[in-house]
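Structural overview for review
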Amino acid sequence: MFQNQKVSYSGVQPSGNLTIGNYLGALRNFSTYSEDYKCLYCVVDQHAITVRQVPADLRRRTYETLALYMACGLDPEKVTLYVQSHVHEHTELAWILNCFTMFGELSRMTQFKDKSAKHADNINAGLFTYPVLMASDILLYQTDVVPVGIDQKQHVELCRDIATRFNALYPDTFTIPEPIVSKSGMKIMSLSEPTKKMSKSDENPNAVVYILDDKDTIIRKFKRAVTDSDTEVRFAPGKDGINNLMSIYACFTGKSMEEIEAEFAGKGYGDFKLAVGETCADALAPVQQRFAQYMGDKAGLEAQMKKGAEEASYIARRTLSKVEKKLGFVQLR
Ligand code: TYM
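Conventions used here
- Residues numbered from 1 in each chain as written.
- Predicted model: local features only at pLDDT ≥ 70, side-chain atom pairs only at ≥ 80, totals over all residues.
- Heavy atoms only, no water.
- Salt bridge = Lys/Arg side-chain N within 4 Å of Asp/Glu carboxyl O.
- Helix = DSSP H or I, 4+ residues; strand = E, 2+ residues; numbered from the N terminus.
- Buried < 20%, exposed > 50% of the residue type's maximum accessible area, 1.4 Å probe, protein only.
- Near = heavy atom within 4 Å.
- Polar contact = N/O pair within 3.5 Å; in protein donor to acceptor, adjacent residues only side chain to side chain.
- Areas by Shrake-Rupley, 256 points an atom, 1.4 Å probe, with all protein chains shown as cover.
- Nonpolar A, V, L, I, M, F, W, Y, C, P; charged D, E, K, R; others polar.
- Core = buried A, V, L, I, M, F, W, Y, C linked by side-chain atoms within 4.5 Å.
- Domains from an automatic or database assignment.
- Contact = heavy atoms within 4.5 Å.
- Buried area = accessible area lost by both parts, 1.4 Å probe.
- Expected span 1.5 Å × (residues − 1).

**Some thoughts on the pattern of salt bridges**
Applying the stated rule across the entire model yields 17 salt bridges. Between Glu35 and Lys78 there is a salt bridge; the shortest N-O distance is 3.3 Å. Of this pair, Glu35 sits in the loop between α1 (20-30) and β2 (38-43) while Lys78 sits in the loop between α3 (55-71) and β3 (80-83), placing them 43 residues apart in sequence. Classification of Glu35 as exposed rests on a relative accessible area of 58%. The salt bridge involving Asp230 is made with Lys239; its shortest N-O contact spans 2.8 Å.

**A short note on the site of the ligand**
Taken together, 27 residues lie near the ligand, and Gln13, Tyr130, Asp137, Asp151 and Lys200 sit nearest. One nitrogen or oxygen atom from the main chain of Met198 is found 2.9 Å from a nitrogen atom belonging to the ligand. In isolation the ligand has 710 Å² of accessible area, and contact with the protein removes 98% of it. Of all the secondary structure elements, the ones that give two or more residues to the shell around the ligand are β1 (7-12), α1 and α7 (125-140). The residue makeup of the shell around the ligand, split by class, is 12 nonpolar, 10 polar and 5 charged.

**Details of the nonpolar core**
Tyr23, Tyr69, Phe222, Ile248 and Phe272 are the most contacted members of the largest nonpolar core, which totals 58 residues. Broken down by secondary-structure element, the contributors of at least two residues to this core are α1, β2, α3, β3, α9 (215-223), α10 (240-253), α12 (269-295) and α13 (298-327). Take this core: its biggest share by element is 9 residues, from α12. The residues that make up this core include at least three from each of domain 1 (7-181 + 298-327) and domain 2 (205-292).

**What about the environment of Gln304?**
You can see Gln304 is positioned in helix α13. Look past the residues within four positions of Gln304 in its chain and what remains in contact with it is Leu66, Met70, Pro76 and Leu81.

**Quick word on the domain arrangement of the protein chain**
Each domain of the protein chain was delimited in the assignment, giving domain 1 (7-181 + 298-327) and domain 2 (205-292). Put simply, the middle of domain 1 and the middle of domain 2, counted by C-alpha atoms, are 30 Å apart. Contact residues are listed per partner, giving 13 residues for domain 1 and 14 residues for domain 2. Three residues stand out in domain 1 for area buried against domain 2, namely Ile20, Tyr23 and Ala71, and they jointly supply 43% of the buried area on that side. For the interface between domain 1 and domain 2, the tally reads 0 salt bridges. Among the secondary structure elements, those contributing two or more residues to the side of domain 1 that touches domain 2 are α1 and α3. Looking at the side of domain 1 that touches domain 2 residue by residue, the classes come out as 9 nonpolar, 2 polar and 2 charged.

**So, α10**
Helix length check: α10, at 14 residues, gives a terminal C-alpha distance of 20 Å against a target of 20 Å (1.5 Å per residue), a fit within 8%. Along α10, 11 of the 14 residues are buried, which leaves the element largely enclosed by surrounding structure. For α10, the full list of buried residues reads Gly241, Ile242, Asn243, Asn244, Leu245, Met246, Ile248, Tyr249, Ala250, Cys251 and Phe252. On its buried side, α10 packs onto α1, α9, α11 (257-263) and α12.

Here is the structure:
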């Protein structure tokens, strides 16, 4: 579709303040594709309403997520950045794909099981069909690669299954996308329960380091991070807390686990935690600075949203009309 250029596509929900899990598992990797791929990155506000949102917060976080995309180095002149609800083709294709997705497939999604346990009073149909909307996001743009954290891999695999099924009935409709999960940072764990994923919706703010936390807060959170009764900085089975901190440190410094073990040989957890906190805060400082600049220009952000929506709509319209034609919907000119 883009003169043989490959397509990279991903999305982030504006459902909470973004964490270093979102940064290391996803955002930071998006710019890897800027030079060689046609890139589209979306703020998926329609996904966010599968759990209840306070409207003013959702609106604010939508601006913030776009500003963070840019603060993480995504240049809107080179990549398409937009908001999902501004491109109506997403929900239209989602309806069609619902008719090609099996109840049993959706029932097996681990995120649905987790979220419906967490929001037992609101197990709505949107929460159940959420992966179909995600498939629609991806397939509308004839995507080749989807950079995500490990928790989203199952959804991208379902998207592949839906696309393959559709293509078998209506050949050459969709490109089959590939999930790209970076080895480091694919699953950053909670600082207070290191067997659980670090999540922007965690109620305990000490379990989570937010991209926008200030330096003192970041250092304090790492100091309080749950570890074990050992004292040696060593990557080993069962040392979930230390393993997680070492992974975070490795992501920010590019060092291997062996190098980190050597660096902290003979030093205790206290020194190590301080180093992780300082390194993380220093790495995030320039992102925070650029974020503040972008947030200071709301009109500029809105202009970007508009430009991104126009670019995305152009492609989305073409795919949707191809799909509708194949299905036998009457096309009026
Ligand atoms: P969301 O908003 O939960 O997360 C955004 C991205 O951050 C990654 N991530 C993590 N990576 C490592 N460690 C963590 N603790 C961590 N927490 C989150 C996620 O894997 C994700 O890549 N359904 C998606 C959004 C979406 C999407 C799409 C993604 C909607 N449509 C199309 C790709 C393509 C979600 O809820 O991500």
